[in-house]
Every structure is written in C-alpha cells, then in structure tokens.
Amino acid sequence: MSAPSILFVVDAGPTVGGGHVMRSLTLARALEAEGARCLFIVNPAGKAMLDAFGGEVSHVETYEITEPALVTCAADIARNYDAIVIDHYGLSADDHRRISDAPQNSPHPGEGRDEGNGGGRPTLVIDDLADRLLAADLVLDSGPARRAEDYDGLVPRRAELLLGPHYAPVRPAFAALRKEALARRAKALPVRRILVSLGLTDVGGITGRVVELMLPATGAAALDVVVGAAAPSLPRLRERAQAEPRLVLHVDTQDMPRLTLEADLAVGASGSSTWERCVLALPTLSLILADNQRPAARALAEAGAIMGLEAAALDFDATFSAALGRLIDEPVLRDALSAASAAVCDGRGAARVAERFLALIGQGKL
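Numbers given to residues run from 1 along each chain, matching the order in which its sequence is written. In keeping with the model being predicted, local features are shown solely for residues with a pLDDT of at least 70 and side-chain atom pairs are shown and tallied solely at 80 or more, while totals for entire chains, interfaces and linings include all residues. With hydrogens and water excluded, all non-hydrogen atoms of the structure serve as input to the side-chain values.

### Some remarks on the environment of Gly13
Here is step 1: Here a helix means four or more residues in a row that DSSP labels H or I, a strand means two or more in a row labelled E, and each is numbered from the N terminus. Position of Gly13 among the secondary structure elements: in the loop between β1 (5–10) and α1 (19–33).
Here is step 2: The cut-offs for exposure are 20% and 50% of the maximum accessible area for each residue type, with area from a 1.4 Å probe on protein chains only; residues under the lower value are buried, those over the upper are exposed, and the others partly exposed. Given the relative accessible area of 7%, Gly13 is considered buried.
Here is step 3: For the pair Gly13 and Leu27, spaced 14 residues apart in sequence, the C-alpha separation works out to 20 Å.
Here is step 4: If we ignore the near neighbours within four places in the chain, the residues touching Gly13 are Ala45 and Thr201. Contacts: residue pairs with any heavy atoms within 4.5 Å of one another.

### With respect to the confidence of the model for the protein
Here is step 1: Summary statistics for the protein give a mean pLDDT of 93 and a share of 95% for residues scoring 70 or more.
Here is step 2: Counting interchain partners and residues more than four positions distant, the pLDDT-below-50 stretch residues 108–119 has 27 contacts. Confidence scores labelled pLDDT are given residue by residue by the predictor and lie between 0 and 100.

### Let's talk about the nonpolar core
Here is step 1: Ranked by internal contacts, the top residues of the largest apolar core, which has 58 residues, are Ile6, Phe8, Leu27, Leu31, Phe40 and Phe357.
Here is step 2: Contact partners of Leu31, with chain neighbours within four places excluded, come to Ile6, Phe8, Ala36, Cys38, Ala354, Phe357 and Leu358.
Here is step 3: We call a set of buried residues a nonpolar core when its members are Ala, Val, Leu, Ile, Met, Phe, Trp, Tyr or Cys and they connect through side-chain atoms within 4.5 Å of each other. Listed in part, the 33 residues of the second largest apolar core include Leu215, Val227, Ala231 and Leu309.

### Here's the deal with the pairing of strand β8 (residues 193–197)
The two faces of the sheet receive side chains in turn, since in a regular strand these alternate between them.
Here is step 1: Across the 5 residues that make up β8, a large majority, 4, are buried.
Here is step 2: A pair of strands is treated as paired once DSSP finds two or more bridges between them. Pairing geometry for β8 and strand β9 (residues 222–227), over 5 bridges, is parallel. Directly across from Ser197, in β9, lies its bridge partner Val226.
Here is step 3: Sheet topology places β8 next to strand β11 (residues 265–269); 4 bridges connect them, and they run parallel.

### Describing helix α2 (residues 44–53)
Here is step 1: Of the residues making up α2, those classed as buried are Gly46, Met49, Leu50 and Phe53. The arc that holds the buried residues of α2, viewed along the axis, is 95 degrees, so those residues lie on one side.
Here is step 2: Residues of α2 that are buried make contact with α1, β2 (37–42) and β3 (58–61).
Here is step 3: One or two residues past the end of α2 sits Gly55, with phi positive at roughly 60 degrees. Regarding the arc, it is the one traced by the directions from the helix axis to the C-beta atoms.

### Quick notes on the sheet that holds strand β4 (residues 83–87)
Backbone hydrogen bonds are what pair the strands of a sheet, in a parallel or an antiparallel way.
Here is step 1: Spatially, β3-β2-β1-β4-β5-β6-β7 is the arrangement adopted by the 7 strands of the open sheet, whose pairing is parallel. Among the strands making up the open sheet, the edge pair consists of β3 and β7 (160–163). When strand polarity is set aside, the average angle formed by the axes of neighbouring strands in this sheet is 20 degrees.
Here is step 2: The pairing of β1 with β2 spans 5 bridges and is parallel. Note on β2: the bridge partner recorded for Leu7 is Leu39. As a rule, the C-alpha atoms of each element are fitted with a line to give its axis, helices using only the stretch in contact, and angles between N-to-C directions run from 0 to 180 degrees.

### Details of the sheet that holds strand β10 (residues 247–251)
Here is step 1: Pairing within the open sheet is parallel, and its 6 strands lie in the order β10-β9-β8-β11-β12-β13. Of all the strands in the sheet, just β10 and β13 (307–310) have a single pairing partner and so form its edges. Between one strand axis and the next, the sheet turns through 15 degrees on average, direction left out of account.
Here is step 2: Summarising the sheet, strand β12 (residues 284–288) and β13 pair through 4 bridges and their orientation is parallel. Within β13, the position partnered with Leu285 by the bridge is Met307.
Here is step 3: Seen against the sheet, helix α12 (residues 316–329) touches β8, β11, β12 and β13 and runs at an angle of roughly 165 degrees to β13.

### Points about the side chain of His88
Here is step 1: Turning to its location among the elements, His88 is positioned in the loop between β4 and α4 (93–100).
Here is step 2: By relative accessible area, His88 is classed as buried at 4%.
Here is step 3: Looking at His88, its side chain comes within polar contact range of the main-chain nitrogen of Gly90, at 2.9 Å.
Here is step 4: Aside from chain neighbours lying at most four places away, what touches His88 is Val9, Val10, Asp11, Glu67, Leu70 and Arg132. N or O atoms closer than or at 3.5 Å make up a polar contact, with two conditions inside protein: a donor-capable atom paired with an acceptor-capable one, and, for residues adjacent in sequence, both atoms drawn from side chains.

### Remarks on the pattern of salt bridges
Here is step 1: Only one rule defines a salt bridge in this text: a Lys or Arg side-chain nitrogen within 4 Å of an Asp or Glu carboxyl oxygen. The full count for this structure, using the stated rule, is 27 salt bridges.
Here is step 2: A salt bridge links Arg147 to Asp150, with the shortest nitrogen-to-oxygen separation between them at 3.9 Å.
Here is step 3: Using a relative accessible area of 48% as the deciding quantity, one classes Arg147 as partly exposed.
Here is step 4: Taking the shortest distance from any N to any O, the salt bridge between Glu310 and Arg294 comes out at 2.6 Å. Of this pair, Glu310 sits in strand β13 while Arg294 sits in helix α11 (residues 294–302), and the two are 16 residues apart along the sequence.
Here is step 5: Looking at Glu310, the relative accessible area reads 25%, which means it is partly exposed.
Here is step 6: A cluster of three or more residues bridged by salt bridges with shared partners is formed by Asp141, Arg146, Arg147, Glu149 and Asp150.

### Looking at the side chain of Ser233
Here is step 1: The topology assignment puts Ser233 in the loop between β9 and α8 (234–243).
Here is step 2: By relative accessible area, which is 6% here, Ser233 ends up buried.
Here is step 3: At 2.6 Å, the side chain of Ser233 and the side chain of Asp202 are in polar contact.
Here is step 4: Residues contacting Ser233, with those up to four places away along its chain left out, are Asp202, Gly205, Ile206, Thr207 and Gly208.

### A word on the environment of Asp335
Here is step 1: Summarising the element assignment, Asp335 is placed in helix α13 (residues 331–342).
Here is step 2: Since its relative accessible area comes to 36%, Asp335 is described here as partly exposed.
Here is step 3: A sequence separation of 35 residues divides Asp335 from Leu300, and the C-alpha atoms of the two residues are 15 Å apart.
Here is step 4: If we skip the residues at most four places from it in the chain, Asp335 touches Arg185 and Ala188.

Written out as structure tokens, the structure reads:
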C-alpha cells in the first residue's frame, strides 16, 4: 500500500483552547513517522497554533465559518484523502459521516474499501466527553475514568475504543526525558523552579490572576510562565517580569519538555498537558478550567496523582494559596504526587494510536 493520506479536522479558539490542535499534531507526527501524509483543516486560532508549533505541517485555513460550512469544506477536501481524524466537540455523527463518506477521487487500490457507501473512509474521533453520537471506527479518549460502557449507544457496534492515558498523545520529546526526570524526582529537591502552564490561549486571563497570587507566596523560587502570543495576560505579565527577575516568560515556547523536566512543581491546566507532566512525574496543582476537564482531574486527584482545584470556585484565591503553600512546604506530599503521576502514563500513546489507525487504514473498513 502506498503512503496513506489523512485529513485532520480540528477545533481551536479562546473558549476551547489549543489542546485539540496540540494533541492532534502529536498524533499526526506519529503517523507521518510511519509514512503517512497529513493535512489539517483549521480556523485562524488553529492556524496560529500550527504556525507556532506545527513546523512544516500542511494545512488549510477556513477562517471563521459555521460548523455546517466547516463540514462542507472538510467533505470536499476529504475526496482526496484516505482517512479522517476529527477532534472537534461541535461535530457529531451526521457531520462525521458527511466527511468520511464523501466520494473518493483517487482511492488507493487493494485496500478493501466499501465504495458502495460513497467512500467510507476509516475515521478516528478524538473525544473526552462521551456526550453525543459519533460515527467512528476508532474513538480515542484518554480520560483515566473513562469506561467502555460510557460510549454504549453513542458509537457504531464495530467501533474500537482506545481508552485511558495509555493512549494519550504525548510528544516523543517527553518520553525521551522520562528516565532523567524520574532520577531527578528521586532526589527530592526543594522547590526552586515552578512551571506555570495554564494553556497557551490563557482562557479568561487565568495565567495573570494565578501569577499575582503566586508571586508573594513563592519566596525566591523562579516562575517559568508559559503563554501564547495572543494570551490576554501577556501585556501585564511583561510589565511584572521587568520588575520581578524571577518571573520568566516563555511565549509560544518550543521547549516544554525541558521546562517540565527542570521544574520542581507545576501549576497547570487540567487538559492535555496533564499527560506531559505525568510522563515526567512533575508534582502538580492542577486547575480545572473547563467542564470537559473535570472527570479526568477528579479521577487523577482520587488516585493521588495531582492536587486539583476548580478555577471557577468562589473561594479559589484562598484555596489556591493554601494548596500551593502545602506543596511548597511538604516534600513528602510532592514525592507522593510525583510517584503516582509517573504511574499514569509513559508518553508512548501517540505511537500506539498511530499503529492501530494505520492498521485499520490498511485493511479498509470492517
């Protein structure tokens, strides 16, 4: 079989953040490492993410269009592609079918496709909600609390479920540093560097708010603050950094693996970057910034892998300061969080998903 071509339909924006793009990009790179060719359909926010982190990844920008218009655009482009990956909460089964069943312009021979259904491309849906019908051959849901029965009645009977952090798409650079990270955590070092990573889109300006709470409570510890170039907190953070040498800004940084390795503690969003911190066993105060983050965050907190807080809670400032103080003052607590988080995932999920999806593409739809 010649190299398969795979179309990614991915969402991004100030409300949903950039996690869809980042995890899809990680998967795309794992697929490309096995010879696949990938193209992304993205809105302007997604394009900004790809420009910052996607290197030479191929993409088509849709500008700001409605979801029905996005589906029409994706279905038209899909005619020239062999398989589909969808990471978009606003699209459901009917939309998935419109894209995957668009007539094929140039199918690869010998792949066993069912041309009677109008193309019927193998389709992978990345999800963590289990709240709507999905037309998928594979469903990837990395949530630690997710069970197969959560998708009963929501997916076709033939669909295969890839569930849990074992399949979480994490960039290979994190797995490459895992051995070094585990050795570093074993030294039980004092808190000298704190990583603050609350999403590149900085939803609601949460990064600036949290940094203001942290500065008076962290002594001489350096704060490595990661934000995107369009983060609403960025202007104020730049002003603060001029007066606070220990506040170091990292805008659209390419060096998250190294920053995560060298940190002694993190304040992070409870999204897809959670798995990166788990791979490198970084004790984390994890903030729930969106409803879809809550189930995973609660499951990880119950497993002792994170300390979790609701950013929207009325008493957030007080509970955050108290939790941060505990983490700084209690090395035994940090050690326990580190050990539990390291057991969550090993950082090789993207390769596992890529292998399964390529096998499905090779055999055609079941």
